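# Per-entry structural report
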Amino acid sequence: MAFLLRRLVFYMAAFIAAATINFFLPRLMPGDPVQIMFSSAGTELPPESLQALKLTFGFVDGPLWQQYLTYLGSIFTGDLGRSIKYFPLPVTSVLGHALVWTVGLMGTATIVSFALGTFLGIVAAWRRGSKFDVIVSVGAIFATSVPAVVTSLIVLFIFGFTLGWFPNGYAADPSLDPAFSLQYIGSLAYHGILPMVTLCTVLIGGFTVTMRNNMINLLGEDYIVMARAKGLSDRHVMLWYAARNALLPTVSSLAIAIGTILGGSLVTEVVYNYPGLGNILYQAILARDYPVIQGQLLIMTATMLIANFIVDVSYVLLDPRLKGA
């Protein structure tokens, strides 16, 4: 319990540090950053939005420490200001709508990639030196080396444009109204296949290589030799003696993958015109919508920290020795 409490305090301090950097960044800009952003928006913003923009960045009347506390208070109450591009919508509304699409797409892709990559890594390590090991290892390294944008374009060109098996964009058929119907859910699944295949291809190589290397390092340990000498089956030794102990570093990789869900999908979502956080971030950068950019930065930071905390809890469950740490 003491270990988890220390980690919780550490992550809270890390989040406050990220929010502090977010607070000071606009103040390091030359001149009045709010006036610059307001002027750059041209006629897209009404005059009354100037005060809302000031509140977004904590530019309120009073000394700096008071502005800082006001800014922290607005963050912890979920008030991230209003979007410039989608004015007068609040940033939480813009990001919340996109978050559902990104979590659905990237979350599913991450779970599938982790399960499949870990399994392939276990079997490849157990059969190291075989044809299966060579094919899986080379394929995993190749998939990891190819940039996501290249993979996205290749998959889209082959299966979308050339063969015409799947749609080239959108999360669902634009002619359908969102509803909990089989037709709409089927359209979601049909439109999500190509982005899902792309993301799984990008993610699976890292999990496979990590699990394979961890397993090989453990296969020479005395307790593995002892388990074999006791006459236990290969399957039992592979899964319960080797794979279980090799899983901890792979869980860390999973935490990093979960943390990058909200930002790492930018390329894939832009290529497939998918309405997720990556696409919203790209549009916000083009429009210089700083409140949305800063809001997404905070969400990405919070997600990364929460994912790492969950991994710390998993460590305690997988390695009981940490309970006394």
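Quick caveat: nothing in here was measured; it's all calculated off a predicted structure.

### Some details on the overall build of the chain
Secondary structure assignment for the chain yields 14 helices and 0 strands. Ordered by position in the sequence, the α and β elements of the chain form the string α-α-α-α-α-α-α-α-α-α-α-α-α-α. Expressed as a percentage of its 325 residues, the buried residues of the chain come to 41%. Across the chain, every contact between residues at least 6 apart in sequence was considered, and the portion connecting residues at least 24 apart equals 73%.

### Let's talk about the confidence of the model for the chain
Residues at a pLDDT of 70 or more form 82% of the chain, whose mean pLDDT is 78. Least confident of the elements in the chain is helix α11 (residues 261–264), whose mean pLDDT is 58; most confident is helix α6 (residues 131–145), at 87.

### What to know about unusual backbone geometry
Positive phi values are uncommon outside glycine, yet N273 reaches one of about 50 degrees. In this structure N273 comes out as partly exposed when scored by relative accessible area, which is 37%.

### Details of the packing of aromatic side chains
Counted by the stated rule, this structure contains 5 aromatic pairs. Centroid distance F10 to Y11: 5.3 Å. Interplanar angle 65 degrees. Geometry classified as edge-to-face. Centroid distance F114 to F207: 5.4 Å. Interplanar angle 90 degrees. Geometry classified as edge-to-face. In this pair, F114 sits in helix α5 (residues 91–126) while F207 sits in helix α8 (residues 182–218), placing the two residues 93 residues apart along the sequence. A relative accessible area of 18% places F114 in the buried class.

### Some thoughts on the nonpolar core
Soluble globular proteins tend to pack their nonpolar side chains together in the buried interior. I75, L95, I280, V292 and L298 are the most contacted members of the largest nonpolar core, which has 19 residues in total. Looking at this core, the elements that each hand over two or more residues are α1 (2–24), α4 (64–76), α5, α13 (277–287) and α14 (290–318). Discounting residues that sit within four places of it in the chain, I75 has contacts with F15, A19 and L298. One finds M211, M215, M238 and A243 within the second-largest nonpolar core, a separate group that totals 14 residues.

### What about the UniProt feature "transmembrane region" (unreviewed entry) in the chain?
The UniProt feature table records "transmembrane region" (unreviewed entry) at residues 7–25, 98–122, 134–167, 187–209, 246–267 and 297–318. As annotated, residues 134–167 has a helix share of 79% and a strand share of 0%, and its two end C-alpha atoms lie 34 Å apart. In the segment residues 187–209, helix accounts for 100% and strand for 0%; the C-alpha atoms at its two ends are 34 Å apart.

### Examining the pattern of salt bridges
In this structure the tally under the stated criterion is 1 salt bridge. Between D133 and R212 there is a salt bridge, with the nearest N and O atoms lying 2.7 Å from each other. On the criterion of sequence distance, the pair formed by D133 in helix α6 and R212 in helix α8 is long-range, its members being 79 residues apart. Owing to a relative accessible area of 5%, D133 belongs among the buried residues under this scheme.

### Quick look at the packing of α5 against α6
How two helices sit against one another is set out by the angle between their axes and by the gap between those axes. The N-to-C vectors of α5 and α6 enclose an angle of 140 degrees; their axes lie 8 Å apart at closest approach. Relative to α6, the element α5 is oriented oblique. Read as a crossing pair, α5 and α6 show a hand that is left-handed. Residues L120, V123 and A124 of α5 form the contact with α6, whose participating residues are F132, D133 and V136. Across the contact of α5 with α6, the residue classes tally to 5 nonpolar, no polar and 1 charged.

### Observations regarding a nonpolar patch on the surface
A cluster of nonpolar side chains, V149, V150, L153, I154, F157, I158, F161, L163 and W165, forms an exposed patch at the surface whose accessible area comes to about 850 Å². Here W165 shows up in the loop between α7 (148–162) and α8.

### Observations regarding the environment of N217
Inspection of the secondary structure puts N217 in helix α8. Linking N217 and A125, residues 92 residues apart in sequence, is a C-alpha distance of 9.4 Å.

### Observations regarding α6
Taking 1.5 Å per residue as the helical rise, α6 with its 15 residues ought to reach 21 Å, and the 21 Å between its terminal C-alpha atoms agrees with that figure. Taken as a whole, α6 has its buried residues at D133, V136, S137, A140 and A143. For α6, the angular spread of buried residues about the axis comes to 135 degrees, placing them on one side. Facing away from the buried surface of α6 by more than 90 degrees, the exposed residues are K131, I135, V138, I141, F142 and S145. Residues of α6 that are buried make contact with α5 and α8.

Reading the values: rules and limits
- Residues numbered from 1 in each chain as written.
- Predicted model: local features only at pLDDT ≥ 70, side-chain atom pairs only at ≥ 80, totals over all residues.
- Heavy atoms only, no water.
- Helix = DSSP H or I, 4+ residues; strand = E, 2+ residues; numbered from the N terminus.
- Buried < 20%, exposed > 50% of the residue type's maximum accessible area, 1.4 Å probe, protein only.
- Contact = heavy atoms within 4.5 Å.
- pLDDT = per-residue confidence, 0-100.
- Phe/Tyr/Trp six-rings, centres within 6.5 Å; stacked < 30°, edge-to-face > 60°.
- Core = buried A, V, L, I, M, F, W, Y, C linked by side-chain atoms within 4.5 Å.
- UniProt positions renumbered as here; feature names shortened; annotations may be inferred.
- Salt bridge = Lys/Arg side-chain N within 4 Å of Asp/Glu carboxyl O.
- Axes fitted to C-alpha atoms, helices over the stretch in contact; angles between N-to-C directions.
- Parallel < 35°, antiparallel > 145°, perpendicular 65-115°, else oblique.
- Left-handed = near helix turned anticlockwise from the far one by under 90°.
- Nonpolar A, V, L, I, M, F, W, Y, C, P; charged D, E, K, R; others polar.
- Patch = residues over 30% accessible without salt bridge, like charges linked within 9 Å, V, L, I, M, F, W, Y side chains within 5 Å.
- Areas by Shrake-Rupley, 256 points an atom, 1.4 Å probe, with all protein chains shown as cover.
- Expected span 1.5 Å × (residues − 1).
- Arc of directions from axis to C-beta.

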